[in-house]
Every structure is written in C-alpha cells, then in structure tokens.
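So you can see what is in the structure, the chains are spelled out below.
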Amino acid sequence: MPSRMEESIPLFPDDVPTADIYMVDFDRLSAGDKEEARKVFDASRGYGFFYLSNTHIDFNFMFDVANETFKLPLDEKMKYEMGNTGRYFGYKMSGSNYVDNKGTPDQSEFYNVSKDDVMRNGQYKDDPLEHPEIIKRRRGELEEFMAQSHRVVLVVLRVLGEQLGLGPDVLPDLHKIDRVGGDQARVTHAPPVSADTITLGEHTDFGSVTVLFNQLGGLQVINPDSYEWKYVKPQPHCAIINLGDALVKLVGDRLYSGVHRVVGPPGEQAQSPRHSVVYFARPNGHIKLKSLLDGDDGEDAMTADDWIAQRAKLRRTANFKDDTSFHASRGTEHLKNRDKPKLDKPAREVEAV
Ligand SMILES: O=C(O)CCC(=O)C(=O)O
Ligand SMILES: [Fe+2]
C-alpha cells in the first residue's frame, strides 16, 4: 500500500523520455546471484546507473531532515556554509555552484554531513563539527543510515571487483568505514521551477559509489550511446545507484560514471519543491587514484581527498572565471561521446559471492 507521503506526490508523467536502466535486487545480489551481478556490471559499463530494491536502508527520516533543515532561516544555515576553499561538509547555499560554462548559478541547496564526523573517526573523535539542532538530534539515525548505505556500497564494490578480475576484497579494502575519508550523507532542496530550468548542473559524481533516494522526477542522465538526456523515473522504495569518477580512475576507465543533472520536476510535479537524500562513498582519503589494473605506479595520481577538494572548489561560482576554469572543474563528464569503457581483457565469469 502506498504511504501517505507517496499518495500526496503528483504522478511522474508518462510522456517524457526515461532511461531504461536495470533493476537489481540487493538481497539476491548480496547472496551471490549471478544474474543480478551481471546486471550490475552491464549497468556500470552502460548508463553508470541502476535501481536497487530491498536495500534495507532506513532513509525516510532523511526526507524529514531535509524538510526541517532547509526551512531554517538563511542566516542560521549560513553559519555552516562550506565556503570556497574545497571544504565539502556543511551547507551549500543556492547559487554558490554554477550549472554551465557561462557560470550560470545553480538553484540547489545541500547539507553535507561527514561520515567521520557522525561516526567520530579520526580528528572528529574529540572535536565534532557544529550542526543545526535538527542534524545533531538525528545523529544516531544518521549513523545507522550511513552504516546501512556503506554496506550496500561494499557489496557493489565486491561484485564489480570480482568481474574485473581484481578479486572480491581489493575495492572494499580501499573503502573502510572506520578509516577517514570524504564519505558523506547529503540532503538537497530545489524550489518549484519549470522543467526546463537546470537546478543542479551536468556532472559526474566525484567518489566511488552513490546511493540516492528521490521522490520527484528531475534527475536526468545522459544516454552514453545517443548522448541524449533521459529522466530517471523515481521507483518507490528503491535506491538509485551510480558510479563516480574515483572508482573509474581506480579501475583504469573500465567502468562508467554516468553524466547527470537535475532539472525542475516534469509535468504536474513541477509545482513541488524537490528534495533528495544521498550517501556518497569515496575511497579512504589517503588512497591514490591510480589504476589498479594497469601497473600504474601512481606517481602522478592525486589522493581521494585532494580530488574531492579540487572538484568541490572549482565548481563554486566564486571560483568561476571562464571556459578554462569550467573545464578544470570537471571529471569525465565533458568528454562528449566518451569512448565506451575499455575492457582489454574479457570480464571474468561471475563467481558466487
Ligand atoms: O537530486 C538528485 O536526484 C541527484 C543529486 C545529485 O546528483 C548530487 O547531489 O550529486
Ligand atoms: Fe550527482
């Protein structure tokens, strides 16, 4: 039976182009089902996006967190603003990132919460970050949300590593939940705008694996063959999983980080403000983003922490100068008609995981 919240959400229209992406069952995937593993691998070399059902992640409370956080007065939220230096935790005000190569400001607010802060890892053990009361109050639930999301990410990494011939533990070992890094939970808000307004500009995610929940349409992903934008239709109770550039670097371009953006919700949904809830898993901060499959010595590779800081900083409107600074802010998304991910050795038969 649909929940009250779902009943009150206007229907996603059936006359807009939607991405034909796989639905994967997490219970079956984590039990070693080969067909589900094949779908994950195919998706990771196609759109770079797939749906995941049965994640067992308690995410509904995060929509309440989003609602209450973004309703706070701007001067309260600005106490936690992340600034222009590459710090990526705290509040991002609407307009502080840009959406295109002309520097057009975005229309999205974020509140990013660090996994290490919530779990009191490393420097946060004795010195946690300041947050609005609404976030502080929910620390226990946030910790649970992060742990459950991270568990899903580790299964996805294990399955992908096996199929690339890396073995099951290599990628999970670079994403230890109790080691410091840039992993974070995010809530977002965009005001009701028309479907041709870009609220969050075209990008690839910076990290390894993203676990996303949304209720309203507006997320669009590029079809890697036709290079056309397609909507990702929200599926009730399911996560949307996508890969980020840090993982693509670790596997030497053999997987694909989907290019995506957010526009105003389509059809009747356009009158609604839009929230989304995200967990971004990133490699542990000291990990060098070098290919694990090409004998790369990593001499010129950036660390995961430096990579995030560079991208976060250069996407800020305050740091936008011209087309050159715009291109410097990018991961792999500007490579129009990117080569299909390379796979110079055949994918290994998927083994029971
Ligand atoms: O709001 C969404 O559906 C996607 C958000 C997103 O792409 C991001 O925060 O990186
Ligand atoms: Fe994203």
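The structure we're discussing is the one just above.
My aim in this report is to walk through the structure given alongside it, one point at a time. Treat the numbers as computed from the prediction; the structure is a model and nothing was measured.

## A closer look at the site of ligand 1
Surveying the vicinity of ligand 1 reveals the residues Arg186, Thr188, Leu200, Asp205, Leu212, Asn214, Leu219, His260, Val262, Ser276 and Val278. Residues belonging to the shell around ligand 1 are distributed by class as follows: five nonpolar, four polar and two charged.

## Some words on the packing of helix H3 (residues 34–44) against helix H8 (residues 139–163)
In the contact formed by H3 and H8, the axes pass within 10 Å of each other and the chain directions differ by 80°. With respect to each other, H3 and H8 are oriented roughly perpendicular. Facing H3, whose interface residues are Ala37, Val40, Phe41 and Ser44, H8 presents Val156, Val159, Leu160 and Gln163. Per-class residue counts for the contact of H3 with H8 are six nonpolar, two polar and no charged.

## Quick look at the pairing of strand E12 (residues 274–281)
Within E12, eight of the eight residues are buried, which leaves it mostly tucked inside the rest of the structure. Along E12, one buried face is formed by Arg274, Ser276, Val278 and Phe280 and the opposite face, lined by His275, Val277, Tyr279 and Ala281, is buried too. Bridging between strand E5 (residues 184–190) and E12 involves seven bridges; their strand directions are antiparallel. Bridge pairing links Ala185 to Tyr279 in E12. In terms of strand pairing, strand E7 (residues 209–214) meets E12 through six bridges, oriented antiparallel. Residue pairing in the sheet places Phe213 in a bridge with Val277 of E12.

## Digging into the nonpolar core
With 83 residues, the main nonpolar core has Val40, Phe49, Val156, Val209, Val211 and Ile241 as its most contacted residues. The residues touching Val211, leaving out its near neighbours within four places in the chain, are Ser149, Val152, Val153, Ala239, Ile241, Val278 and Tyr279.

## Some remarks on the environment of Pro172
Along the polypeptide, Pro172 turns up in helix H9 (residues 170–173). By C-beta crowding, Pro172 is classed as partly exposed, having 17 other C-beta atoms within 10 Å. When the C-alpha positions of Pro172 and Asp305 are compared, they lie 17 Å apart, and in sequence the two are 133 residues distant. Apart from the residues lying within four places of it in its own chain, the contact partners of Pro172 are Leu154, Leu157 and Arg158.

Thresholds applied
Residues numbered from 1 in each chain as written. Chains lettered and ligands numbered in written order. Predicted model: local features only at pLDDT ≥ 70, side-chain atom pairs only at ≥ 80, totals over all residues. Near = placed C-beta within 6 Å. Nonpolar A, V, L, I, M, F, W, Y, C, P; charged D, E, K, R; others polar. Axes fitted to C-alpha atoms, helices over the stretch in contact; angles between N-to-C directions. Helix = DSSP H or I, 4+ residues; strand = E, 2+ residues; numbered from the N terminus. Parallel < 35°, antiparallel > 145°, perpendicular 65-115°, else oblique. Contact = placed C-beta atoms within 7 Å. Buried ≥ 20, exposed ≤ 12 C-beta atoms within 10 Å, placed from the backbone. Pairing = 2+ DSSP bridges. Core = buried A, V, L, I, M, F, W, Y, C linked by C-beta atoms within 7 Å.

The quantities given are spatial measurements derived from coordinates; they are silent on function.
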